[in-house]
Amino acid sequence: MKKLSDQYYLEEAPIRKMMMHLSIPMMIGMSVGTIYNVINVYFIGMLHNTQMMSAITLGLPIFTVLMALGNVFGVGGGTFITRLISQNETERAKKIAGYTFYGSLISGILFAILAFFIADPVVSGLGADQMTYLFTKQYVLMLSSAGFMIIVNFALEQLVRALGASKESMYGIFIATGLSLILDPLLILGFGWHVAGAALAMALSNLGSAIYYIYFFGKKGVRRYRVL
């Protein structure tokens with residue numbers, strides 16, 4: 001029996017089959033992602049420093065903001081692309097995907113620049129006290145500086161899912177989680193970069209996932225929707 005394409009699930013599949021195809025891999029990926037969210041805490045905890053532990057907890061809203069920025073571009077662009085594909089407007093879909101990619105990249109760079117100017121009030125607003133202020137600022141600055149990797153990754157994840165490639169979207173989450181398991185002990189414990197290493201490991205693991213998504217678009221994906 002011929003393998004059904006991702007396009008089939010978007011255009012012709014019954015609703016139940018389409019929902020199963022799109023939702024099950026996403027559920028598995030999100031379940032694995034919950035492990036990813038506690039990896040930093042685990043390896044920072046091995047340093048037995050409560051100030052560092054507090055710092056990465058206080059800095060968590062920065063990651064949430066970066067994730068939200070990525071989803072602004074990814075969800076908006078992804079839903080638009082899906083509608084364009086259903087109307088066979090593939091050239092416009094490619095342009096929208098390009099705008100989504102470069103828009104998320106530019107927003108990440110602008111976020112990093114802005115963070116350097118407002119880091120002190122942001123760290124204070126996050127609730128850092130005198131004991132946790134330095135570690136929190138290090139974490140926030142490193143995460144913000146490399147935040148474009150996180151924004152781009154979340155944007156591309158949504159674009160991949162918009163093409164119906166739910167399994168590939170899940171694979172990207174697996175890659176990010178696996179890289180985090182490697183990079184966290186290396187940067188936090190091996191190099192001794194503690195909270196800065198935790199932030200950098202998070203960003204680099206997202207970069208690895210983003211590279212996979214770019215590879216999918218360029219080589220492995222549905223070639224008629226090749227956009228990057």
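Before reading on, note that the structure itself is shown above.
For the structure given in this document, a descriptive report is provided here. All values reported here derive from a predicted model rather than from experimental measurement. (Residues numbered from 1 in each chain as written. Predicted model: local features only at pLDDT ≥ 70, side-chain atom pairs only at ≥ 80, totals over all residues. Heavy atoms only, no water.)

**A closer look at the overall build of the chain**
Where we set the bar: Numbering of helices and strands runs from the N terminus; a helix is a DSSP stretch of H or I covering at least four residues, while a strand is a stretch of E covering at least two. Using a 1.4 Å probe on the protein chains alone, a residue whose accessible area is under 20% of its type maximum counts as buried, one over 50% counts as exposed, and one in between counts as partly exposed. Areas reported here follow the Shrake-Rupley algorithm with a probe of radius 1.4 Å; residue values treat only the protein chains shown as occluding.
Tallying secondary structure elements over the chain gives 9 helices and 0 strands in all. Starting at the N terminus and walking to the C terminus, you meet the elements of the chain as α-α-α-α-α-α-α-α-α. Here the chain holds 228 residues, and 48% of them are scored as buried. Total accessible area on the chain stands at roughly 11500 Å², and carbon and sulfur atoms take up 69% of it.

**Description of a nonpolar patch on the surface**
Which entries qualify depends on this criterion: Residues qualify for a patch when their relative accessible area is over 30% and they have no salt bridge, like charges being joined within 9 Å and the nonpolar side chains of Val, Leu, Ile, Met, Phe, Trp and Tyr within 5 Å. Salt bridges are identified by distance alone: a Lys or Arg side-chain nitrogen within 4 Å of an Asp or Glu carboxyl oxygen.
A cluster of nonpolar side chains, contributed by Tyr-102, Ile-106, Ile-109, Leu-110, Ile-113, Leu-114, Phe-116, Phe-117 and Ile-118, occupies part of the molecular surface with about 960 Å² of accessible area. In this structure, Ile-109 sits in helix H5 (residues 90-125). A relative accessible area of 42% places Ile-109 in the partly exposed class.

**Details of the environment of Val-160**
Keep this limit in mind: The criterion used for residue contact is that any of the two residues' heavy atoms lie within 4.5 Å.
Assignment of secondary structure puts Val-160 in helix H7 (residues 147-162). Take Val-160: its relative accessible area is 0%, and that puts it in the buried class. For the pair formed by Val-160 and Gly-74, sequence separation is 86 residues and the distance between their alpha carbons is 9.2 Å. Among residues more than four places away in sequence, those in contact with Val-160 are Ala-165, Glu-168, Ser-169, Tyr-213, Phe-216 and Phe-217.

**Focus on the side chain of Asn-40**
In this fold, Asn-40 is placed in helix H2 (residues 15-45). Accessibility expressed as a relative area gives 5% for Asn-40, which makes it buried. Sequence-distant contacts of Asn-40, defined by excluding residues within four places in its chain, comprise Ile-56, Tyr-139, Asp-184, Ile-188, Ala-198 and Met-202.

**Digging into the packing of aromatic side chains**
Aromatic rings in a pair are described by how distant their centres are and how their planes are angled relative to each other. The cut-off we apply is this: Only rings of Phe, Tyr and Trp enter the pairing, Trp through its six-membered ring, and a pair is recorded when the two centres are within 6.5 Å. The plane angle decides the type: under 30 degrees is stacked, over 60 is edge-to-face, the rest tilted.
In total, this model carries 6 aromatic pairs according to the counting rule given. Here the aromatic rings of Phe-191 and Trp-193 are separated by 5.1 Å at their centres, their planes lie at 55°, and the arrangement is tilted. Here Trp-193 falls in the partly exposed class, since its relative accessible area comes to 40%.

**Brief notes about helix H8 (residues 166-190)**
This is how the line gets drawn: For a helix, the expected span equals 1.5 Å multiplied by the residue count minus one. Each residue is assigned a bend, namely the angle between axes fitted to the seven residues that terminate at it and the seven residues that start at it.
Across its 25 residues, H8 extends 35 Å between first and last C-alpha, which sits within 8% of the 36 Å expected from 1.5 Å per residue. Remark: the principal bend of H8, roughly 30°, maps to Leu-183, with a proline, Pro-185, within the next four residues. At the exit of H8 stands Gly-192, carrying a positive phi of roughly 70°.

**A word on the side chain of Asn-206**
As a reminder of what qualifies: Any pair of N or O atoms that falls within 3.5 Å is considered a polar contact. Within protein, one atom must be able to donate a hydrogen and the other to accept it, and sequence-neighbouring residues count only if both atoms are side-chain atoms.
Note that Asn-206 resides in helix H9 (residues 194-220). In terms of polar contacts, Asn-206 uses its side chain to reach the backbone carbonyl oxygen of Met-202, at 2.8 Å.

**Considering the environment of Ser-144**
Its place among the elements puts Ser-144 in helix H6 (residues 133-145). By relative accessible area, Ser-144 is classed as buried at 2%. A polar side-chain atom of Ser-144 sits 2.7 Å from the main-chain carbonyl oxygen of Val-140.

**Section: H6**
The cut-off we apply is this: Taken from the helix axis, the directions to the C-beta atoms give the arc we talk about.
Its 13 residues place the ends of H6 18 Å apart at the C-alpha level, agreeing with the 18 Å of an ideal helix rising 1.5 Å per residue. Regarding H6, the residues found buried are Phe-135, Thr-136, Tyr-139, Val-140, Leu-143 and Ser-144. Taken around the axis of H6, the buried residues stretch over an arc of 155°, which confines them to a single face.

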